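Now for the letters of each chain:
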Amino acid sequence: MADRPDSTAQQPDELDLAIVNALQTHPRAPWSLVGEVLQVDPATASRRWRRMRSAGHAWVTGFLTNGFTQECGAILEINCHPGRVIEVAETLSADPQAYGIKLMSGRRDLVALVVARNLEALSHYLLERPGRLPGVARMGSYLMVGDARASSRWRLRNLEPAAAARLTEAARPRPAPPVVLREVDHALAGALARDGRLGLAELAAEIGTSLATARRRMNALLGSGQLTLRCDMARTLSGWPVTACFWARVPMDSLAETNKELAAIPEVRVAFITAGPQNLYLEAWLRTTSDVVRFEERLTARLPRMTVDDRAITLRVIKHSGRILDAAGRCVDTIPPFSAMPRQH
């Protein structure tokens, strides 16, 4: 069912941003804990969150992970015939495999993050679907072979250090060994893809299992790192409205150093190691377009062995982590990824 944003909702204020930041740190934090660290009434925090979620301003998403993903992933680049890029992007946005879609400046009209359960399914999608769409002039894809920085680590950074530390500690799951994924796990991920803060009773009812099973499977997936929860908000409201994308080359013997450095750069939202001529793709969230040059200067200074071959600015996000966004960046619908859907028999 589509999430219809309330266009009359007021714009987020400092407390709203702090609530989002708290849920970025601990996506399923009890409202009692959020109220404690923000020094507000828990009912106020809950009410504010419901308002933001209803307005499409912020949301919590769950997805299966293992490094980047339990599935296979690829960066898909498409060039379209003149005037057809939005049509192509909106058509692709209905595909569960198209996890994220951006319209870009520069020599690529569209960049999509594609996921599938295995290499065979990923290959089938890439070979059979995008290139056959009316309006597509040219396309290329690069498989992701590593995750240098996960997007779930990005923060607004407006919490006091003590509050962030308290939430971080509370969010740490009990370690658990990896589990063999079952259909109940894919159903659970599908439910959390729509609402990552869904209560356990509601979650159990939605996936057709007992409360104890829902709790046990979710805790096992979180503890093993096979399930990730992430809080996002409309980029235009976050204070970081500019997304800069970079395609770079890094010597293989410096990948470990690169990963460590990227993890320490707060503007870096996500970075992937790819099997392509540029083996590093990264995105940074910045405050202004003029920050793009300054960010690249700092990035190359910290990573002198890295060569940036190309860069572009996102013009519009069509789909973000399975969420369909409007032109203002608000969530208007949710399409869980293929990985969260039952297998077809």
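Located above this text is the structure these notes cover.
All of these numbers come straight from a predicted model, not from anything done at the bench. (Residues numbered from 1 in each chain as written. Predicted model: local features only at pLDDT ≥ 70, side-chain atom pairs only at ≥ 80, totals over all residues. Heavy atoms only, no water.)

## Description of the pattern of salt bridges
Where side chains of opposite charge bring their charged atoms close, a pairing between them can arise.
Piece 1. Taken as a whole, this structure holds 24 salt bridges when the rule is applied.
Piece 2. Close ionic contact of arginine 302 with glutamate 261 constitutes a salt bridge, the shortest N to O distance being 3.0 Å. Taken together, the positions of arginine 302 in helix 11 (residues 291-302) and glutamate 261 in helix 10 (residues 255-263) put the pair 41 residues apart, joining distant regions of the chain.
Piece 3. Assessed through its relative accessible area of 37%, arginine 302 is described here as partly exposed.
Piece 4. A salt bridge links arginine 311 to glutamate 296, with the nearest nitrogen and oxygen atoms 2.6 Å apart. In this pair, arginine 311 is assigned in strand 10 (residues 307-320) and glutamate 296 in helix 11, connecting sequence segments 15 residues apart.
Piece 5. Its relative accessible area of 35% is what places arginine 311 among the partly exposed residues.
Piece 6. Assessed through its relative accessible area of 16%, glutamate 296 is described here as buried.
Piece 7. Taken together, the shared-partner salt bridges in this structure form one network comprising Asp13, Asp16, Arg48 and Arg51. (Salt bridge = Lys/Arg side-chain N within 4 Å of Asp/Glu carboxyl O. Helix = DSSP H or I, 4+ residues; strand = E, 2+ residues; numbered from the N terminus. Buried < 20%, exposed > 50% of the residue type's maximum accessible area, 1.4 Å probe, protein only.)

## Quick word on the nonpolar core
Piece 1. Of all hydrophobic cores here, the largest spans 29 residues; its most connected members are Ile19, Val20, Val34, Leu38 and Trp49.
Piece 2. Elements represented by at least two residues in this core include exactly helix 1 (14-25), helix 2 (31-38), helix 3 (42-54), strand 1 (58-64), helix 6 (161-171) and strand 6 (227-233).
Piece 3. Ranked by residues supplied to this core, first place goes to helix 1 with 7 residues.
Piece 4. In this structure, leucine 38 is in contact with Leu15, Ala18, Ile19 and Leu159, ignoring residues within four places of it in sequence. (Core = buried A, V, L, I, M, F, W, Y, C linked by side-chain atoms within 4.5 Å. Contact = heavy atoms within 4.5 Å.)

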